[in-house]
Amino acid sequence: MFLRRTERKKDGKTHVYWNIVENKRLDDGRVVQRHVLYLGEINASQAVAWRKAIEVLDVDAGGPRTLALFPADRCEAVAGDDSVVQLRLSALRLCRPRQWGACWLAGQLWRDLQLDRFWADRLPASRKGTRWDQILQVLATYRLIAPGSEWRLHREWFGKSAMADLLGADFGLAEAHKLYACHDLLLAHKEALFAHLVERWRDLFNADFDILLYDLTSTYFEVNAADLPEGDKRRHGYSRDKRPDCPQLVIALVVTPEGLPLAYEVLPGNTADGKTLRLFLGKIEQHYGKARRVWVMDRGVPTEAVLAEMRNSDPPVQYLVGTPKGRLNRLEKHLLDKPWQEARHGVKVKLLAEDGDLYVFAQSADRVAKERAMRRRQLKWLWKRLRQIAAMDVSRQELLMKLGAARAKAPTAWRLVDIEIDKQSTAFAFALNRKKLRTIRRREGRYLLRTNLTDNDPALLWQYYIQLVAVEEAFKNLKGDLAIRPIFHQDEGRIEAHIFVAFLAYAMQITLTRRLHALAPGLTARSAIDKFAAVQMIDVHLPTTDGREILLSRYTHPEPELQILIRQLKLNLPPQPPPRITPP
C-alpha cells in the first residue's frame, strides 16, 4: 500500500487530492492498483501520519507462518491425560455469522459521548431486570447502521448483529413490546440530553457556541388527516418534501457551524416558519446565558417583529439572515452606485446600511457558474420539448396537460418563455423573454444578506452564511442515511420519541464525522461504517472425542485498509471472547 497524489487545476488554482492505493497482482503477472481509501485534500502533516500508519501496518504483517494441526487419531500418546482435550477436526462447524464491526464502532461512539453513563442514571433496570439503557443503545445503533422499523429490528436485524455479544445480553433486548415501550421513557430527558451533549462537544472538539445555525425541515405521513385525533401535531402545511397532500410535522434544529447538534423541536405541521424562532431564542438563552452570539438563518425564518426583538434585547442578539429576492427589487437602485469589494477569492460584495441593518449583496463566481449551468440545462430541455409538443397532433386537453408537465419539470426555464395558445385550435407559439433573462442573469449567484453585525468583515459574514450548509447536511443525514421516515408509529408521543432516537443516532454520526475530518476530509461517516461492517463474528464449534464441544465466538480479522483506519482513529480492538466448553 502507498499514498497516491493527484493534482487537478480549477479556476487557476491547483488542488491536491490523496488516495491510499494497493497493488494487486493478476494471474497473468500484471499488477493493477485498487483504490482503498479516498482521503481528499489533506495537509502535509496528515499525509505523513497516513504514511506512518501504512508503514507500521506493513511491518506488523510480517512473513507467512505455517501451523500444524494434530487431529484426535494422532494423539494416542497423551490419551490418558485428563488435561488434554482431543478435537474431532473433521466435525468442525462454523455457525451464525453476524455483523460485528459496525456495531462495535457504534458502541465506541456511544461511550465517547458518555451516553452509557447518561442513560444508566436515567433509565434504570426494571424490577424484572429489563435494561432500558441497553435497549435504547440497540435502537440508536440500528438507526445509525441499518435504519428501519422496530419490527424489522425484532424479526431480522438483531439476530444478524453482534449486539447481544457486545452488550453481554440476549434476545431480550429485541423483544418487540420492549422496543416500543422504551420510546415511552425518552422524551422526559430531552432537555437533559441537550445539556449533556453540549458538554461533550466542548470536551471532544473544543466547540464554542458563538455562532448558531438555525433551520427547519418537515417529514410527512401517508395517512388521512381527517382520521387523526383533535390536537394532533400532524397537520397539512408547506411541505419541503413536495408532498402537500400528506399531513406532516415540522422539525426545527439548531447546530454549530461544524454540524454539532444543540437542540431540536417538533412542531405542528402547519406552523409558519416565522413563528418558530422565538421559542429557540429563549431556549438557547436559558441554557447558555445572554452571551453575544450570532444566529445564522435562511430567508423566511425570522419575522420583522422577531428581528426587532433581537436588535432591542440586552445585550443585542446578533443575526445574519438571507433576504428574499423581492427585497432586492426595492434596494437594487441603491446598490447600483455602490462599489464592489473583494471579500475573498471569487467572492465580491456591496454594502448598504439602512434602517439600522447592514445589507450585504454578495456575488460568488462559483455559484454564478453553477446556477447559470443549471438554468441553461433547463432552458435547453424545455425548448426542445416545446418543439416536440408543437409538432404533435393532439387534442387541446392533451396539449394543456403536456405543457403543464413541461412546466412542472422545468419551472425556472418556464418563467423565461412566453407562450401563446390559439383559442380556436391546438396551435401555440413560444418565444424567449429576453428582458426576464437579462434580469435573472444579473442575479445568478448573488445573495442579499441582512445583519446587525455592522462592524464585521464582509468576508466573515459571507463565511457565516455559507456555513448554513451544515444544518442542511444534518437534515440530509436525518432523512437519508438515518432514514427518519417512513415513521410507522401511530401514537404522537412515540412519533416524537422516534425522532429523538434519530437525533441520538445523528449525534453519534457527527461525532464520527468530526473525528474523520481531522484525518482526511474525503472520508465520510457512511464509508467508515460500511468498512467496519465487513468485520463479522462467527461461532466456531469444535467437537471433542469425549462428547463435549468447544465453542469459540470470533470476529474476523480486519482487512489491511480497515486496520489503517483503526490505527488512525486510535481505536483498539477488544480481545477475542474466551472459549467455552459444553458438558458432555
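Residues numbered from 1 in each chain as written. Predicted model: local features only at pLDDT ≥ 70, side-chain atom pairs only at ≥ 80, totals over all residues. Heavy atoms only, no water.

Chemist: Even after reading the chapter, I still don't get the nonpolar core, so can you show me in this structure?
Modeler: Side chains that are nonpolar tend, in soluble globular proteins, to be buried together. Ranked by internal contacts, the top residues of the largest apolar core, which has 143 residues, are Leu39, Trp50, Trp119, Trp201, Tyr214, Trp295 and Met310. A per-element tally of this core places helix α18 (residues 492–519) first, with 16 residues. Excluding residues that lie within four positions of it along the chain, tryptophan 295 makes contacts with Leu212, Tyr214, Val254, Leu277, Phe280, Leu281, Ile284, Met310, Val317, Gln318, Tyr319 and Leu320. In terms of nonpolar packing, the next biggest core, distinct from the first, is built from 13 residues, Leu382, Ile389, Ala406 and Phe428 among them. (Core = buried A, V, L, I, M, F, W, Y, C linked by side-chain atoms within 4.5 Å. Buried < 20%, exposed > 50% of the residue type's maximum accessible area, 1.4 Å probe, protein only. Helix = DSSP H or I, 4+ residues; strand = E, 2+ residues; numbered from the N terminus. Contact = heavy atoms within 4.5 Å.)

Chemist: Any chance you could explain the packing of aromatic side chains here in plain terms?
Modeler: Here a ring pair, both rings aromatic, is described through the centre-centre distance and the interplanar angle of the planes. Under the counting rule described, the total for this entry stands at 16 aromatic pairs. For the pair tryptophan 100 and tyrosine 555, a centre-to-centre distance of 4.1 Å together with 10° between the ring planes defines the contact as stacked. Here tryptophan 100 is found in the loop between β4 (93–99) and α2 (101–112), whereas its partner tyrosine 555 is found in strand β17 (residues 549–555), with 455 residues between them in sequence. Relative accessible area serves as the criterion here: at 3%, tryptophan 100 is assigned to the buried category. With a relative accessible area of 11%, tyrosine 555 lands in the buried category. With centroids separated by 6.2 Å and ring planes inclined at 70°, the aromatic side chains of tyrosine 214 and tryptophan 295 adopt a geometry described as edge-to-face. (Phe/Tyr/Trp six-rings, centres within 6.5 Å; stacked < 30°, edge-to-face > 60°.)

Chemist: Hey, could you run me through the pairing of β17 in this one?
Modeler: Side-chain positions along a regular strand alternate between the two faces of the sheet. For β17, the tally of buried residues reaches six of seven residues, placing the bulk of the element in the interior. Here seven bridges tie strand β16 (residues 536–543) to β17, and the two strands are oriented antiparallel to one another. Following the sheet pairing, aspartate 539 is matched in β17 by serine 553. Hairpin connection of β16 to β17: five residues between the antiparallel strands, including glycine 547 at a positive phi of 90°. (Pairing = 2+ DSSP bridges.)

Chemist: Would you explain the packing of helix α17 (residues 469–479) against α18 in this entry?
Modeler: To describe two helices that pack against each other, one gives the angle between their axes and the distance between the axes. Following both chains from N to C, one finds α17 and α18 inclined at 120°, their axes separated by 10 Å at the closest point. If you check the angle between α17 and α18, you find them oblique. Between α17 and α18 the crossing geometry is right-handed. Judged by residue contacts, Ala474, Asn477 and Leu478 of α17 engage Ala502, Phe503, Tyr506 and Gln509 from α18. (Axes fitted to C-alpha atoms, helices over the stretch in contact; angles between N-to-C directions. Parallel < 35°, antiparallel > 145°, perpendicular 65-115°, else oblique. Left-handed = near helix turned anticlockwise from the far one by under 90°.)

Chemist: For this particular structure, what's the right way to read helix α12 (residues 365–390)?
Modeler: Each turn of an α-helix holds 3.6 residues, which means side chains three or four residues apart point in the same direction. The end-to-end C-alpha distance of α12 is 37 Å, a good match for the 38 Å that 26 residues give at a rise of 1.5 Å each. Among the residues of α12, those classed as buried are Val368, Glu371, Arg372, Arg375, Leu379, Leu382, Leu386 and Ile389. (Expected span 1.5 Å × (residues − 1).)

Chemist: Is there a simple way to think about the environment of arginine 122 in this case?
Modeler: Of note, arginine 122 is situated in helix α3 (residues 115–122). On the accessibility criterion, arginine 122 (32% relative accessible area) is partly exposed. It is 40 Å that separates the C-alpha atoms of arginine 122 and alanine 308, two residues lying 186 residues apart in sequence. Excluding residues within four positions of it along the chain, arginine 122 makes contact with His189 and Ala192. In this structure the side chain of arginine 122 is engaged in a polar contact, spanning 3.2 Å, whose partner is the backbone oxygen of phenylalanine 118. (Polar contact = N/O pair within 3.5 Å; in protein donor to acceptor, adjacent residues only side chain to side chain.)

Chemist: Please explain the environment of leucine 542 as it appears in this structure.
Modeler: Note that leucine 542 resides in strand β16. Residue leucine 542 is classed as buried on the basis of its relative accessible area, which comes to 12%. Distance from leucine 542 to threonine 256, taken between C-alpha atoms, is 53 Å for residues 286 residues apart in sequence. Discounting chain neighbours no more than four positions away, the residues touching leucine 542 are Leu87, Leu89, Leu92, Arg548, Glu549, Ile550 and Leu552.

Chemist: Just checking my understanding: could you explain unusual backbone geometry for this structure?
Modeler: Note: most residues except glycine have negative phi, and most peptide bonds are trans. Put simply, arginine 485 and proline 486 share a cis peptide bond, and its omega is 5°. Within the element layout of this structure, proline 486 appears in the loop between α17 and α18. Positive phi, normally seen in glycine, also occurs at lysine 242, with a value near 60°. Inspection of the secondary structure puts lysine 242 in the loop between β5 (211–220) and β6 (248–255). Taking the relative accessible area as the measure of exposure, lysine 242 reaches 67% and is therefore exposed. Phi at alanine 483 takes a positive value of approximately 45°, unusual for a residue other than glycine.

Chemist: How should I be thinking about the sheet that holds strand β1 (residues 2–10) in this particular structure?
Modeler: Strand pairing within a sheet occurs via backbone hydrogen bonds; the two strands may be parallel or antiparallel. One open sheet holds the three strands; their spatial order is β1-β2-β3, and the pairing between them is antiparallel. Unpaired on one side and paired on the other, β1 and β3 (31–40) mark the two borders of the sheet. For this sheet the average axis-to-axis angle between neighbouring strands, irrespective of direction, equals 40°. Bridging between strand β2 (residues 13–25) and β3 involves eight bridges; their strand directions are antiparallel. Within the sheet, the bridge partner assigned to isoleucine 20 lies in β3 and is leucine 37.

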